[in-house]
2 protein chains.
Amino acid sequence: MLTFYDSHGLPNPDRVRIALEEKGVMDQVTVKQVNLWKGEHRTEAFRALNPSVTIPLIVLDDGTAISETTAITEYIDHTFPGIRLTGETARERAIIHMMQRRGEQKIVDAIGAYFHHATPGFGPGIELNQNKAWGEAHLVKTLDGMRYFDRVLQSQPYIAGARFSMADITVYTGLNFSETYPKVVVPRDLTALGDWRARIAERPSSKAAAGETDFT
Amino acid sequence: MLTFYDSHGLPNPDRVRIALEEKGVMDQVTVKQVNLWKGEHRTEAFRALNPSVTIPLIVLDDGTAISETTAITEYIDHTFPGIRLTGETARERAIIHMMQRRGEQKIVDAIGAYFHHATPGFGPGIELNQNKAWGEAHLVKTLDGMRYFDRVLQSQPYIAGARFSMADITVYTGLNFSETYPKVVVPRDLTALGDWRARIAERPSSKAAAGETDFT
């Protein structure tokens, strides 16, 4: 059994959840929901598991704790059979990795910076060092990122090329978070991005991961 | 042949350079130095290769351009024989990946934020949106990161455990940059970190990558 410390509806834990759904292994996972609005990740017990004090986190059978989303999704992809989410060849793996990192920087982390610094974020007890100018610069960066991925999707069906991969999951969860929490909507004129998003939303993994706990 | 767009002495390109040295394949690589102080990465030609406008970048034989350092070093590790820098088993790979990501966040990216935002960085023509408070918060974060890795190294010989890996290369290049450019020195009382650093500096890969071009 794998223990998965989740916080449903946030992009990084949702990346893990959707990867687990794509592999069809949720029955092998114990899920613990952590409410970040209540600071449930700031306890000493959680800090001992993850000194970076971030969600998601997985704990393996032998007690090894793995944080950092890409490390977790790499572990999942190389542990469970089924669909390959991080590529087969060195070239394919590199392209997926690159596009996933761009998805983090241009969407997930950018909208996260806006949310944490230029909106109330998780609230005054949690957001201790807000920097409004930093947050606002990242709203611009997020919108640039949406335009970048729209251009990418004008010439290929998925973020990293011909096949669905972790890069799609990363961008998808970032856009969902953007619209749900800080209410930054994907511009309607980005039709390639919109069409791709509708296709990803139809996958059973996206449907299974959608619409559960709302902590706010 | 691989083409490697390098900027010697900066942590992310140095991660690629040291990985190539560890593999012993520099004779199969064409290196192009890019002077970031002169904005040589801001040309239209470079932006066409890498829309993220970052160094390092590699270009494969078939013209595929790969940016984002971890994507590049994963490619190198899975393409060339010799020492394995990113792990063998899923568990080992996850731990190395996690520790490398912590090395990025707590050292490389943190000292980079201080350098770009709270010091002149690459100079006024390049650093267009400085945020001094953000930079200064990341000096605190960098020093916290140094203390974190010192604690890690008190109980194991390398950043990710018993074996040398990409995680060591990442933290090592970040500390070198910290001392060379923004002149943030590793505190002397962090003896586990200091001893580890002296051992990494003795590796032929570190020696080969040290002390070349200084752009400033």
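The structure presented is a predicted model; accordingly, all values stated were derived computationally and were not measured.

Parameters and conventions
- Residues numbered from 1 in each chain as written.
- Chains lettered and ligands numbered in written order.
- Predicted model: local features only at pLDDT ≥ 70, side-chain atom pairs only at ≥ 80, totals over all residues.
- Heavy atoms only, no water.
- Helix = DSSP H or I, 4+ residues; strand = E, 2+ residues; numbered from the N terminus.
- Salt bridge = Lys/Arg side-chain N within 4 Å of Asp/Glu carboxyl O.
- Buried < 20%, exposed > 50% of the residue type's maximum accessible area, 1.4 Å probe, protein only.
- Contact = heavy atoms within 4.5 Å.
- Buried area = accessible area lost by both parts, 1.4 Å probe.
- Polar contact = N/O pair within 3.5 Å; in protein donor to acceptor, adjacent residues only side chain to side chain.
- Nonpolar A, V, L, I, M, F, W, Y, C, P; charged D, E, K, R; others polar.
- Pairing = 2+ DSSP bridges.
- Axes fitted to C-alpha atoms, helices over the stretch in contact; angles between N-to-C directions.
- Parallel < 35°, antiparallel > 145°, perpendicular 65-115°, else oblique.
- Domains from an automatic or database assignment.
- Core = buried A, V, L, I, M, F, W, Y, C linked by side-chain atoms within 4.5 Å.
- Phe/Tyr/Trp six-rings, centres within 6.5 Å; stacked < 30°, edge-to-face > 60°.
- Lys NZ or Arg CZ within 6 Å of the ring centre and 35° of its normal.
- Least-squares fit on C-alpha atoms with pLDDT ≥ 70 in both.

What follows covers the environment of valine 140 of chain B. Mapped onto the elements, valine 140 of chain B comes out in helix α5 (residues 132–153). Between the C-alpha atom of valine 140 of chain B and that of alanine 110 of chain B, which follows or precedes it by 30 residues, the distance is 8.8 Å.

Let us look at the pattern of salt bridges. Here the structure, examined in full by the defined rule, presents 32 salt bridges over all chains. Where arginine 197 of chain B meets glutamate 179 of chain B, a salt bridge forms, and the shortest distance between an N and an O atom there is 3.1 Å. Residue arginine 197 of chain B is located in helix α7 (residues 191–201), and its partner glutamate 179 of chain B is located in helix α6 (residues 166–180); the two are separated by 18 residues in the primary sequence. Under the relative-accessibility criterion, glutamate 179 of chain B is labelled partly exposed at 26%. One network of salt bridges, with partners in common, ties together Glu74 and Arg93 of chain A together with Glu74 and Arg93 of chain B.

This part takes up the interface of chain A and chain B. Where the parts come together, the accessible area they lose is often given as the size of the interface. Listed by partner, the interface residues are 34 residues for chain A and 34 residues for chain B. Here chain A meets chain B over a buried area of about 2700 Å², counting both sides, of which 58% is carbon and sulfur. Between the two partners, chain A and chain B, sit six salt bridges. Linking glutamate 68 of chain A and arginine 102 of chain B is a salt bridge whose minimum nitrogen-to-oxygen distance equals 3.7 Å. Between the two partners, chain A and chain B, sit 14 residue pairs in polar contact (both at pLDDT 80 or more). No other element matches helix α4 (residues 90–118) of chain A, which puts 14 residues into the side of chain A that touches chain B. Across the side of chain A that touches chain B, the residue classes tally to 13 nonpolar, eleven polar and ten charged.

In this section: the sheet that holds strand β3 (residues 57–59) of chain A. Residues and elements named next belong to chain A. The four strands lie next to each other as β2-β1-β3-β4, forming an open sheet whose pairing is mixed. In the strand order of this sheet, the two ends are held by β2 (29–33) and β4 (65–67), each with one partner. Geometrically, the sheet is characterised by an average inter-axis angle of 20° between neighbouring strands, direction not taken into account. As judged from the three bridges shared by β3 and β4, these two strands associate in the antiparallel manner. The partner of leucine 57 across the bridge, within β4, is serine 67.

Interaxial distance between α4 of chain A and helix α3 (residues 69–79) of chain B falls to 8 Å at its minimum, and their mutual angle equals 170°. Relative to α3 of chain B, α4 of chain A is oriented roughly antiparallel. Listed contacts from α3 of chain B to Ala90, Arg91, Arg93, Ala94, His97 and Met98 of chain A of α4 of chain A are Thr70, Ala71, Glu74, Tyr75, His78 and Thr79 of chain B. Among the residues making up the contact of α4 of chain A with α3 of chain B, the classes are represented as five nonpolar, four polar and three charged.

Residue and element names in this part refer to chain B. One open sheet holds the four strands; their spatial order is β2-β1-β3-β4, and the pairing between them is mixed. In the strand order of this sheet, the two ends are held by β2 (29–33) and β4 (65–67), each with one partner. Averaged over all pairs of adjacent strands, the angle between strand axes in this sheet comes to 20°, irrespective of strand direction. For strand β1 (residues 2–6) and β2, the ladder comprises five bridges, and the chain directions are parallel. Bridge assignment links phenylalanine 4 to a residue of β2, and that residue is valine 31. Its contacts with the sheet place helix α1 (residues 11–23) against β1 and β2, and it is angled at close to 140° to β1. The sheet contacts of α3 involve β1, β3 (57–59) and β4, and relative to β4 the element is tilted by about 120°.

To continue, consider the domain arrangement of chain A. Residues and elements named next belong to chain A. Partitioning chain A into domains gives domain 1 (2–79) and domain 2 (90–209). The distance between the C-alpha centroids of domain 1 and domain 2 comes to 20 Å. In this assembly, 22 residues from domain 1 lie in contact with 23 residues from domain 2. Here domain 1 packs against domain 2, burying approximately 2000 Å² in sum over the two surfaces, 62% of which is carbon and sulfur. Per-residue buried area on domain 1 facing domain 2 is highest for Arg15, Ile18 and Trp37; these three make up 32% of the total on that side.

Judged by nonpolar contacts, the single largest core of 130 residues is most densely connected at Met99 and Trp196 of chain A together with Met99 and Trp196 of chain B. Leave out the neighbours within four places in its chain, and methionine 99 of chain A touches Tyr148, Phe149, Val152, Ile159, Ala160 and Ala167 of chain A.

Let's shift gears to the packing of aromatic side chains. Throughout the structure, instances matching the rule amount to 19 aromatic pairs over all chains. Relative to phenylalanine 122 of chain B, the ring of phenylalanine 115 of chain B lies with its centre 5.4 Å away and its plane at 80°, an arrangement referred to as edge-to-face. The two residues phenylalanine 115 of chain B and phenylalanine 122 of chain B agree in class, both being buried. Taking NZ or CZ as reference, lysine 106 of chain A lies 5.1 Å from the ring centre of tyrosine 148 of chain A, over its face. Just above the ring of phenylalanine 164 of chain A sits the side chain of arginine 203 of chain A; from NZ or CZ to the centre is 3.5 Å.

Turning our attention to the relation of the copies chain A and chain B. Between chain A and chain B, which share one sequence, the superposing operator has a rotation angle of 180° and an axial displacement of 0.0 Å; the RMSD is 0.0 Å. Taken together, these values place the two copies in the relation of a two-fold axis. Within chain A, the C-alpha atom positioned nearest to the axis of rotation is that of tryptophan 134 of chain A, 3.7 Å from it. When the interface residues of chain A are mapped onto chain B, 100% of them are again interface residues, pointing to one common binding face.

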